[in-house]
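# Geometric and topological summary
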Amino acid sequence: MTTTTLALESWATGGCHCGKVRFKVWIERLAVIECNCSICLKKGFINIIAKPEHFELTQGEENLATYQFNTMVAEHRFCKTCGIHTHTRPRSHPDAYDINARCLDADITTLNITPFDGQNWEANVESIQ
Ligand SMILES: [Zn+2]
């Protein structure tokens, strides 16, 4: 059960379903991006883009697998045991991390959701800050 509330300018923890993969992310804004590209749509992935220094994998690197497709740029990382997709090295921000907000331990229902038209990625990618 979710007990914590996300706070701006603080570290939030999260992880996969089985608990082998754990991470923390610095919350810079109380907003997420909901993308309609082929993979985000199927996974229900909602995105928090974080600078490299704002993401830390605290446990389970050895238990992560990587899925790539199409341009083979983005690295979609998921837990080998439970299959949950925790984060990505995204194509739009290759030096950053893209975290699945649904994997956070905190309540995410208060976050503002910004839609992103990932089905027309090339035309819209500049809109992601
Ligand atoms: Zn897992």
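To be clear, the structure that these remarks concern was listed above.
What comes next concerns the included structure. Just so we're clear, the structure is a prediction, and the values are computed from it rather than from any experiment.

## Details of the nonpolar core
Counting 23 residues, the largest nonpolar core has Val-25, Ile-48, Ala-50, Ile-99, Ala-101 and Leu-104 as its most contacted members. At the level of secondary structure, the elements contributing two or more residues to this core comprise strand S2 (22-27), strand S3 (31-35), strand S4 (46-50), strand S7 (75-79) and strand S9 (97-100). Among residues more than four places away in sequence, those in contact with Ile-99 are Val-25, Ile-48, Ala-50, Phe-55 and His-87.

## Digging into the sheet that holds strand S1 (residues 10-15)
Within a sheet, adjacent strands bond to each other through the backbone by hydrogen bonds, running parallel or antiparallel. With antiparallel pairing, the 3 strands of this open sheet are ordered in space as S1-S2-S5. If you trace the sheet from one side to the other, it starts and ends with S1 and strand S5 (55-59), each paired once. With direction set aside, neighbouring strand axes in the sheet form an average angle of 25°. One ladder, built from 4 bridges, connects S2 with S5; its direction is antiparallel. Opposite Val-25, over in S5, you have Phe-55 as the bridge partner.

## Structural notes on the sheet that holds S7
Pairing in this open sheet of 7 strands is mixed, and the strands run S6-S7-S8-S9-S4-S3-S10 from one edge to the other. Every interior strand has two partners, whereas the edge strands, strand S6 (64-67) and strand S10 (112-116), have only one. The mean inter-strand angle of the sheet, taken between neighbouring strand axes irrespective of direction, is 35°. Relative to S7, S6 is paired through 4 bridges, and the arrangement is antiparallel. Paired with Ala-65 across the bridge in S7 is Phe-78.

How each quantity is defined
- Residues numbered from 1 in each chain as written.
- Predicted model: local features only at pLDDT ≥ 70, side-chain atom pairs only at ≥ 80, totals over all residues.
- Core = buried A, V, L, I, M, F, W, Y, C linked by C-beta atoms within 7 Å.
- Buried ≥ 20, exposed ≤ 12 C-beta atoms within 10 Å, placed from the backbone.
- Helix = DSSP H or I, 4+ residues; strand = E, 2+ residues; numbered from the N terminus.
- Contact = placed C-beta atoms within 7 Å.
- Pairing = 2+ DSSP bridges.
- Axes fitted to C-alpha atoms, helices over the stretch in contact; angles between N-to-C directions.

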